[in-house]
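Chains, contacts and geometry: an overview
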Amino acid sequence: MSLDIKNLSGGYGQLTVLKDISFVVPDGTLTALVGLNGSGKSTTINHVIGLLNPKQGSITLNGLSLTQQPVDYKAQIAYIPEQPVVYEELTLKEHLALTIATYHLDEKIAWQRANELLKTFRLDDKLTWFPTHFSKGMRQKVMIVMAFITDAKLFIIDEPFLGLDVIAVNDLLTLIDNRKKQGVTFLLTTHVLDTIDKHADQFVYLKDGQVAAQGAASDFVTLVPELAVDEG
Ligand SMILES: Nc1ncnc2c1ncn2[C@@H]1O[C@H](COP(=O)(O)OP(=O)(O)OP(=O)(O)O)[C@@H](O)[C@H]1O
């Protein structure tokens, strides 16, 4: 599904953070949203998931308008936030059951998928655990498992690699690459430039709430030399 952001201006209350941003995330591709701290990446994502209302402009997913068809639009999206959002009173198993119910997933298929994902992220013996017993990385993994048991057509992932160990980062990148091959679309924010090089199809570079550059991932270093510092 292709995500189309047109002339979006928005922010928080009276504060306008995003100024007239436009970009398209084409069907079955991965777009990396990059920019320095405070450039507006999370604010863009907050708009795309419908947490903030645009002051101007439109957001559509394969023609479905976020403002006019919010339920149908949101049903296509899985979102992995930068800060894991978990319910302290629910076990891991109950978190997964909640996702299965919310997305109206086929129980058998979803639990099969969940069991594979739980094994991958070494959470399969923790189904009865409550989030208070989880480390930050484990909470992040719970968010990943919840997202990847859905059949969402668009995945929005905010800073996916923060707090994950190297094995989990690799496992997540493999999951992303596999879903992308099945035609799933990804928008993710990242400070890890290696991800753009190896996994993105295109990039959008935000600067002070505006799109300063966008293009093919292979042109990133040429188009955004100021960010393309050697990561060593
Ligand atoms: N809840 C909020 N209320 C008011 N202003 C906010 C809020 N969240 C972010 N901002 C402001 O919006 C601007 C963009 O912030 P945003 O979080 O979108 O940046 P970012 O590119 O995601 O940064 P980072 O790389 O640090 O995560 C900043 O000036 C920030 O102070």
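Residues numbered from 1 in each chain as written. Predicted model: local features only at pLDDT ≥ 70, side-chain atom pairs only at ≥ 80, totals over all residues.

The name given to the chain in an unreviewed UniProt entry is ABC-2 type transport system ATP-binding protein, and the organism recorded there is Weissella bombi.

Some details on the pairing of strand S1 (residues 3–12)
Stated precisely, the cut-off is as follows: When DSSP finds two or more bridges between a pair of strands, those strands are recorded as paired. Here a helix means four or more residues in a row that DSSP labels H or I, a strand means two or more in a row labelled E, and each is numbered from the N terminus.
By the bridge criterion, 7 bridges tie S1 to strand S2 (residues 15–25) in an arrangement that is antiparallel. The residue bridging Tyr12 from the neighbouring strand is Leu15, located in S2. As consecutive antiparallel partners, S1 and S2 are separated by 2 residues, and within that stretch Gly13 has a phi angle of approximately 55°, a positive value. Summarising the sheet, S1 and strand S4 (residues 56–61) pair through 5 bridges and their orientation is antiparallel. Looking across to S4, one finds that Leu3 is bridged to Leu61.

A look at unusual backbone geometry
Inclusion rule: Note on burial: count the other C-beta atoms lying within 10 Å of the residue's C-beta; 20 or more is buried, 12 or fewer is exposed, in between is partly exposed, and C-beta positions come from the backbone.
The backbone of Asn62 shows a phi angle near 50°, a positive value even though the residue is not glycine. Taking the number of C-beta atoms within 10 Å as the measure of exposure, Asn62 has 15 and is therefore partly exposed. Phi angles above zero are rare outside glycine, and His104 is one such case at about 55°. Along the chain, the position of His104 falls in the loop between helix H3 (92–102) and helix H4 (107–120).

Re the packing of H3 against helix H5 (residues 136–148)
For clarity, the cut-off: Throughout, an axis means a line fitted to C-alpha atoms (over the contacting stretch in the case of helices), and angles, computed between N-to-C directions, take values from 0 to 180 degrees. Small angles under 35 degrees read as roughly parallel and large ones over 145 as roughly antiparallel, with 65 to 115 read as roughly perpendicular and the rest as oblique. Each crossing gets its hand from how the near helix is turned against the far one by less than a right angle, where anticlockwise is left-handed and clockwise is right-handed. Two residues qualify as being in contact provided that their C-beta atoms, derived from the backbone, are within 7 Å of each other.
With their axes 9 Å apart at the nearest point, H3 and H5 run at an angle of 30° to one another. Comparing the axis directions of H3 and H5 gives the class roughly parallel. The hand of the H3/H5 crossing is right-handed. Of the residues in H5, those touching H3 at Leu92, His95, Leu96 and Thr99 are Val142, Val145 and Met146.

Section: the sheet that holds S2
Strand order in the open sheet made by the 4 strands is S2-S1-S4-S5, with antiparallel pairing throughout. The sheet terminates laterally at S2 and strand S5 (64–65), the two strands that pair on one side only. As paired elements, S4 and S5 share 2 bridges and run antiparallel to each other. Of the residues in S5, the one forming a bridge with Thr60 is Ser65.

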